[in-house]
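# Residue-level structural notes
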Amino acid sequence: MNPRLDTLQPYPFERLAALLRNTCANTSQPPISLAIGEPQHPPAEIARTALIEALDGIAHYPPTRGSDALREAIGDWLARRFNIARQSLDDKRHILPAAGTREALFSFAQAIVDPSQPGAAVAMPNPGYQIYEGAALLAGAEPLYLPCLPDTDFLADLDALSSAEWDRVQLLYICSPGNPTGAVADRAYLERALELADKHDFVIASDECYSEIYADESAPPPGLLDIAHTQGRDDFSRCVVFHSLSKRSNLPGLRSGFVAGDGALLGEYLRYRTYHGATLGHHVQAASIAAWRDEIHVRENRDRYRAKYAAVMPLIEPLCEVTRPPGSFYLWPAFDASDEALTIAALRDENLRVVPGRYLARGIDGFNPGAGRLRLSLVASTDDCVEAVTRLARVCEALTV
C-alpha cells in the first residue's frame, strides 16, 4: 500500500461516530441533524427535467473535457457572475468540467505538487475542508495551516507563515465563503494572496463552492478570477477556481462542477484527468447546462437560507458568541463548554446531531481554533432549524447548572 495513506487523519464524521458510539439518542423526540452540510432544499427542477430527457446519453462515453455546450454554459456563467469579459475566457483552455469540487480539489494537488522539491508544502485554512490536507499529504507535501480566527474575520491568516515557509509553498488553498466559518474574502484579501503567489512562486486553488449562498443580494462575494481579470493577468496565471452545483442548485448527488483559470496549468491538469477518468456523463452534462443557465432557482435558494438565519439568530445569540456569517449556510458559534461534551449531550438529551469544531481543525502548538465551537449546518427546514436551536438552548442550560 501507499505508505502516505498512513499519514491521513480520520475524517470528521469518523471521529464523530466514534465519539457517539456509546451514546443513546433520546428517541422520545424526532431526530434533527445539523451535522452534515448536505443541502436539503428541493433540487433545481430545470436540471432534473434536463437530466431525464438526456438519459439516452448513458449509451456513450463522455469526453474528459466535457462537451462544447457545457463549457460554453460555464464560461457564460463565469463572465456574468464575476464581471469577466467573455472574450477573455477560452472555453477549451480555461475551463474543465469536474465531478464536483471535492474530486477536483483533491486531484488538482496530485497534478500540481512536485514532491521531489525539498520542503514541498501546501498551505490551507485551519479550520477547513479536510480534503485540502489529504490532498497535500498524498501528493507528498507538508500541510501548513493558516489559522482562521476572529481577529482576521475568520479568514485564513496570510501572515501566519514566515517568508521562508512561503518559499516552500507550491499550492495555497483558500475557501470563500468559508467552511465552516462562512467568512468571505474581500478584494483586498484576494489581491494580497496573489501578491504572495507572485513573490513566492505558488499556485492558488480557490474553493468557491459556496459562492452563490450569501447574505446581501447586492454584494455577491468576489472571486479569484474576477481579481485576476481586473489586474489584467494574462491567461489567469497562478489562479484556479473550483465551483459546484451541489450547494448552488441543491444537486449534491449529481456530482457536477468545474475547474477554471490558468490555461497552462489546466492543460497539464487535463492530461492528468485523461488518466484519472472522472468524467461527467452526457445526461449529467445536460442537467448541468440547464442549471448554470438559470438564476431564478439560485435566488430562491438564497431566500430560503436568509429566512433560516432570520429565524435562528435571535434564538442562538443569547447562548454563545456567534455572528451571522456573510456567506455559506453554516454557523460557527463559540461556547463556554467543551464542544465534545455539547455534542454528546445534544444527542443523548435532545436527539440532535452537531459536529465538534475541533474535528474540523488541527491543533498547532497546543491550540486548536475549533475547540469550544460547533459547526451547525442550516440545511434542514426552517422549522427544524428553529427546533434544533431550541433544543441546543436546553443542552447549554443543563450543562451550566
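Here the structure is shown first, and the text comes after it.
The following refers to the structure shown. (Residues numbered from 1 in each chain as written. Predicted model: local features only at pLDDT ≥ 70, side-chain atom pairs only at ≥ 80, totals over all residues. Heavy atoms only, no water.)

### Some remarks on the overall build of the chain
Put simply, the rule reads: Strands are runs of DSSP state E lasting at least 2 residues, helices are runs of H or I lasting at least 4, and numbering of each runs from the N terminus. The size measure is the radius of gyration over C-alpha atoms, and the globule rule it meets is 2.2 Å times the number of residues to the 0.38 power. Categorising residues by exposure relies on relative accessible area from a 1.4 Å probe, with only protein chains included: less than 20% of the type maximum marks a residue as buried, more than 50% marks it as exposed, and the intermediate range marks it as partly exposed. Throughout, the Shrake-Rupley method with a 1.4 Å probe supplies accessible areas, and for residues the shown protein chains are the sole cover considered. Counted charges follow a simple rule, with Lys and Arg positive, Asp and Glu negative, and His plus the chain ends left uncounted. Where a charge sits is defined by one atom per residue type, namely NZ (Lys), CZ (Arg), CG (Asp) or CD (Glu).
Regarding its fold elements, the chain presents 15 helices and 12 strands. Radius of gyration (C-alpha) of the chain: 21 Å, near the 21 Å computed for a compact globule of 401 residues. Split into buried and exposed, the 401 residues of the chain put 56% on the buried side. A total accessible area of about 16600 Å² is found for the chain, and carbon and sulfur atoms account for 52% of it. The average position of the 38 basic charges and that of the 52 acidic charges among the side chains of the chain differ by 4 Å.

### Looking at a negative patch on the surface
Quick note on the threshold: Residues form patches when they are more than 30% accessible in relative terms and have no salt bridge. Like charges link within 9 Å. Nonpolar side chains (Val, Leu, Ile, Met, Phe, Trp, Tyr) link within 5 Å. The term salt bridge refers to a side-chain nitrogen of Lys or Arg lying within 4 Å of a carboxyl oxygen of Asp or Glu.
A grouping of Asp151, Asp153, Asp186, Glu191 and Glu195 is seen on the molecular surface, where their side chains present a negatively charged patch. Looking at the secondary structure, you find Asp153 in the loop between β4 (142-147) and α7 (163-168). For Asp153, a relative accessible area of 59% corresponds to the exposed category.

### What about the packing of helix α2 (residues 45-53) against helix α12 (residues 282-292)?
Put simply, the rule is: Every angle, taken between N-to-C directions, lies between 0 and 180 degrees, and every axis is a line fitted to C-alpha atoms, over only the stretch in contact when it is a helix. Working rule for angles: under 35 degrees goes down as roughly parallel, over 145 as roughly antiparallel, 65 to 115 as roughly perpendicular, anything else as oblique. For a crossing to be left-handed, the near helix must be turned anticlockwise from the far one by less than a right angle; the clockwise case is right-handed. Residues are treated as being in contact if the distance between any of their heavy atoms lies within 4.5 Å.
With their axes 7 Å apart at the nearest point, α2 and α12 run at an angle of 150° to one another. With respect to α12, the element α2 is oriented roughly antiparallel. Regarding α2 and α12, the two cross each other, and that crossing is right-handed. Facing α2, whose interface residues are Ile46, Ala47, Ala50 and Leu51, α12 presents His283, Val284, Ala286, Ala287, Ala290 and Ala291.

### Comments concerning the sheet that holds strand β12 (residues 374-377)
Put simply, the rule reads: The pairing criterion for strands is at least two bridges between them, as found by DSSP.
One open sheet holds the three strands; their spatial order is β9-β12-β11, and the pairing between them is antiparallel. Across the chains shown, the open sheet's two edge strands, defined by having one partner strand only, are β9 (330-331) and β11 (355-356). Sheet topology places β11 next to β12; two bridges connect them, and they run antiparallel. Across the sheet, residue Val355 finds its bridge partner in β12, namely Arg375.

### Regarding the sheet that holds strand β7 (residues 239-244)
Strands sit in the order β2-β8-β7-β6-β5-β3-β4 across an open sheet of seven strands; the sheet is mixed. Across the chains shown, the open sheet's two edge strands, defined by having one partner strand only, are β2 (95-98) and β4. Strand-to-strand twist of the sheet, defined as the mean angle between neighbouring strand axes without regard to direction, takes the value 20°. Sheet topology places β2 next to strand β8 (residues 257-261); four bridges connect them, and they run antiparallel. Within the sheet, the bridge partner assigned to Ile95 lies in β8 and is Ala260.

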